[in-house]
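Structure at a glance
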Amino acid sequence: MKLGLIDADIVAFRCAASCTNDPFDVAVYRMEDMLERIFSTSGCNEYKMYLTGKDNYRRALDPLYKANRKTQIPPLHLNACREYLATKWKATVTDGIEADDALGIEQCKHLENERLSTVICSIDKDLLQIPGNH
């Protein structure tokens, strides 16, 4: 069995940002298409998907963490895309940590499991420091 660990933050953001002037249905189509491409490229037959929740521990350590993003306006359909992934695809919302933290934790849990291989499905280059398949 091959388990895909999917960074749903990126799926939601990219699809929402790509259709700011289009109806939400276009974002749904693009999310479904992106997920299908992730599954076919990675060869995964199971998945766990993660969305960043609230109360990121990094902000407690450094109040300036991602402070440069506060002035950016989020894409129109971003919240609806996140809700869609949480509802239809059962993405786990990770309060206290970011989605990419959850991907790393999950991958490390399975590194020595011979019956289950995992693959991190994300374009976040920070995740390349996590051992295992990407």
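Source: prediction; values computed, not measured. (Residues numbered from 1 in each chain as written. Predicted model: local features only at pLDDT ≥ 70, side-chain atom pairs only at ≥ 80, totals over all residues. Heavy atoms only, no water.)

**Some words on the overall build of the protein**
Across its full length, the protein carries five helices and four strands. Along the protein, helices and strands appear, N-terminal first, in the series β-α-α-β-α-α-β-α-β. Within the protein, the proportion of its 134 residues that are buried is 40%. Counting only contacts in the protein whose residues sit at least 6 apart along the sequence, the fraction spanning at least 24 positions is 78%. Put simply, the protein shows about 8,300 Å² of open surface, and 53% of that area lies on carbon and sulfur atoms. (Helix = DSSP H or I, 4+ residues; strand = E, 2+ residues; numbered from the N terminus. Buried < 20%, exposed > 50% of the residue type's maximum accessible area, 1.4 Å probe, protein only. Contact = heavy atoms within 4.5 Å. Areas by Shrake-Rupley, 256 points an atom, 1.4 Å probe, with all protein chains shown as cover.)

**Comments concerning the packing of aromatic side chains**
Summed over the entire model, instances satisfying the criterion amount to four aromatic pairs. On the numbers, 5.6 Å between centres and 45° between planes, the contact of Phe39 with Tyr47 is tilted. For Tyr47, a relative accessible area of 29% puts it in the partly exposed group. Here Phe39 and Trp89 contribute two aromatic rings whose centre-to-centre distance is 5.9 Å and whose plane-to-plane angle is 35°, an arrangement assigned as tilted. (Phe/Tyr/Trp six-rings, centres within 6.5 Å; stacked < 30°, edge-to-face > 60°.)

**Some details on helix α2 (residues 24-42)**
Compared with an ideal rise of 1.5 Å per residue, which puts 19 residues at 27 Å, α2 spans 27 Å between its outermost C-alpha atoms and is within 8% of the ideal. Within α2 the residues assigned to the buried category are Ala27, Val28, Met31, Met34, Leu35, Ile38, Phe39 and Ser42. Along the long axis of α2, the arc covered by the buried residues comes to 135°, so they all point the same way. In α2, the exposed positions angled more than 90 degrees off the buried face are occupied by Asp25, Tyr29, Glu36, Ser40 and Thr41. In the core, the buried residues of α2 are packed alongside β1 (2-7), α1 (8-17), β2 (46-52), α4 (78-87) and β4 (117-121). Looking one or two places after α2, you find Gly43, whose phi comes out positive at around 75°. (Expected span 1.5 Å × (residues − 1). Arc of directions from axis to C-beta.)

**Focus on the pairing of β2**
Where β1 and β2 come together, five bridges link them in parallel fashion. For Leu3, the partnering residue across the bridge sits in β2 and is Glu46. One ladder, built from three bridges, connects β2 with strand β3 (residues 92-94); its direction is parallel. Of the residues in β3, the one forming a bridge with Tyr50 is Thr92. (Pairing = 2+ DSSP bridges.)

**Some details on the nonpolar core**
Soluble, globular proteins show a tendency: their nonpolar side chains are buried together. In terms of nonpolar packing, the biggest core is built from 25 residues, with Ile6, Val11, Met31, Leu35, Met49 and Leu85 touching the most fellow members. At the level of secondary structure, the elements contributing two or more residues to this core comprise α1, α2, β2, α4 and β4. Counting residues per element, this core draws most heavily on α2, which supplies seven residues. Sequence-distant contacts of Val11, defined by excluding residues within four places in its chain, comprise Ile6, Met31, Met34, Leu35, Ile38 and Leu85. (Core = buried A, V, L, I, M, F, W, Y, C linked by side-chain atoms within 4.5 Å.)

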